[in-house]
Amino acid sequence: MGGATAGDIQEAPWYKRAWDWTYSTYEKVYVISNREPLLTIRRVVWVVTAGWVLFLLYVGAALAMLPTIVFMPFIPKTIRFAILALDTITVEHYVPAWEPGVEPAWSNNPVHPFCIVANVVWLIFFGWGFALAHLAAAVVQALTIVNISSAFTSAQLAIFALWPFGQDIRRRFLPTTVEELHEHEALEARLREPLAPEHSGSGDDAV
């Protein structure tokens, strides 16, 4: 059989090429934004434009829970949220139960019955409000241009805010080159393989 000719090679659909270009551009912008002094600028912009507001919201909610007794078990998670809200750029959320060899407490196990009940109660009384706050923060970050990548993070945190029990926070890996980013993604994929499809995770140290 003869070799393939130019006419035999079908060009990828325009939307696939557009997505590939968009994602490739995002990767380049993301790794550049993790370099100094841009990283420090991003952290300052986040705190000034959204972080301090979200931090105070969570701390205020934790203080309001103190006299209620019934909501006191939610205070530790709310404080963890406050820490995450103050520095979403270098801190991320993850599921401890999906880490290899980890036996988490019920509050960090998303399939534990107590954890599910806690998430339902949180969603009804607190989650939806905090989720809207994170979505508003995402819009603000998108408008700053320099923190566009943080806008995506804020949108992810909106989902986290709806159903937080069963998750925790840790230091985020911040690649400064596209090669480092791809290597980290490959490492995470390898860590997920023995646990798929029920588990996922990466090897970063918990905060």
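Quick look at the structure, then. Here the structure is a predicted model, which is why all the values come from computation and not from measurement.

Turning our attention to the overall build of the protein. In terms of regular secondary structure, the protein is built from six helices and two strands. Secondary structure elements of the protein, listed N to C terminal, follow the sequence α-α-α-β-α-α-β-α. Looking at the protein as a whole, 36% of its 207 residues are labelled buried. Across the protein, the fraction of contacts at a sequence separation of at least 24, relative to all contacts at a separation of at least 6, is 74%.

With respect to the element layout, S150 can be found in helix α5 (residues 148-162). A distance of 3.5 Å separates a polar atom in the side chain of S150 from a polar atom in the side chain of R42. Discounting residues that sit within four places of it in the chain, S150 has contacts with R42, I89 and Q141.

This paragraph deals with the packing of helix α4 (residues 113-143) against α5. Where α4 meets α5, the closest approach of the two axes is 6 Å, and the angle between their N-to-C directions is 170 degrees. When the interaxial angle is binned, α4 and α5 end up roughly antiparallel. The residue makeup of the contact of α4 with α5, split by class, is 16 nonpolar, six polar and no charged.

Glancing now at helix α3 (residues 75-86). With 12 residues, α3 extends 17 Å from end C-alpha to end C-alpha; this agrees with the ideal 16 Å at 1.5 Å per step. The set of residues buried in α3 consists of I75, K77, T78, F81, A82, L84 and A85. Close packing links the buried residues of α3 with α2 (38-65), β1 (91-94), α4, α5 and β2 (168-171).

The next point concerns the environment of N34. As for its placement among the helices and strands, N34 is situated in the loop between α1 (14-33) and α2. A residue is classified by how much of its surface remains accessible, and N34, at 4% relative accessible area, is buried. Along the sequence, N34 and I89 sit 55 residues apart, while their C-alpha atoms lie 9.1 Å from each other. Leave out the neighbours within four places in its chain, and N34 touches L39, R42, L174, P175 and T176.

Moving on, we get to the pattern of salt bridges. For side chains of opposite charge, pairing can occur when their charged atoms come near one another. Tallied over the entire structure, the rule returns four salt bridges. For D20, the salt bridge identified is with K16, shortest N-O distance 2.8 Å. One end of the pair is D20 and the other is K16, both in helix α1 and four residues apart, which spans about a single turn. Under the relative-accessibility criterion, D20 is labelled partly exposed at 37%. On the basis of relative accessibility, which here comes to 39%, the residue K16 falls in the partly exposed class. Measuring nitrogen to oxygen at the nearest pair gives 3.1 Å for the salt bridge that ties R170 to E92. In this pair, R170 sits in strand β2 while E92 sits in strand β1, placing the two residues 78 residues apart along the sequence. On the basis of relative accessible area, E92 is assigned to the buried category, the value being 15%.

Rules used in this analysis
Residues numbered from 1 in each chain as written. Predicted model: local features only at pLDDT ≥ 70, side-chain atom pairs only at ≥ 80, totals over all residues. Heavy atoms only, no water. Helix = DSSP H or I, 4+ residues; strand = E, 2+ residues; numbered from the N terminus. Buried < 20%, exposed > 50% of the residue type's maximum accessible area, 1.4 Å probe, protein only. Contact = heavy atoms within 4.5 Å. Polar contact = N/O pair within 3.5 Å; in protein donor to acceptor, adjacent residues only side chain to side chain. Axes fitted to C-alpha atoms, helices over the stretch in contact; angles between N-to-C directions. Parallel < 35°, antiparallel > 145°, perpendicular 65-115°, else oblique. Nonpolar A, V, L, I, M, F, W, Y, C, P; charged D, E, K, R; others polar. Expected span 1.5 Å × (residues − 1). Salt bridge = Lys/Arg side-chain N within 4 Å of Asp/Glu carboxyl O.

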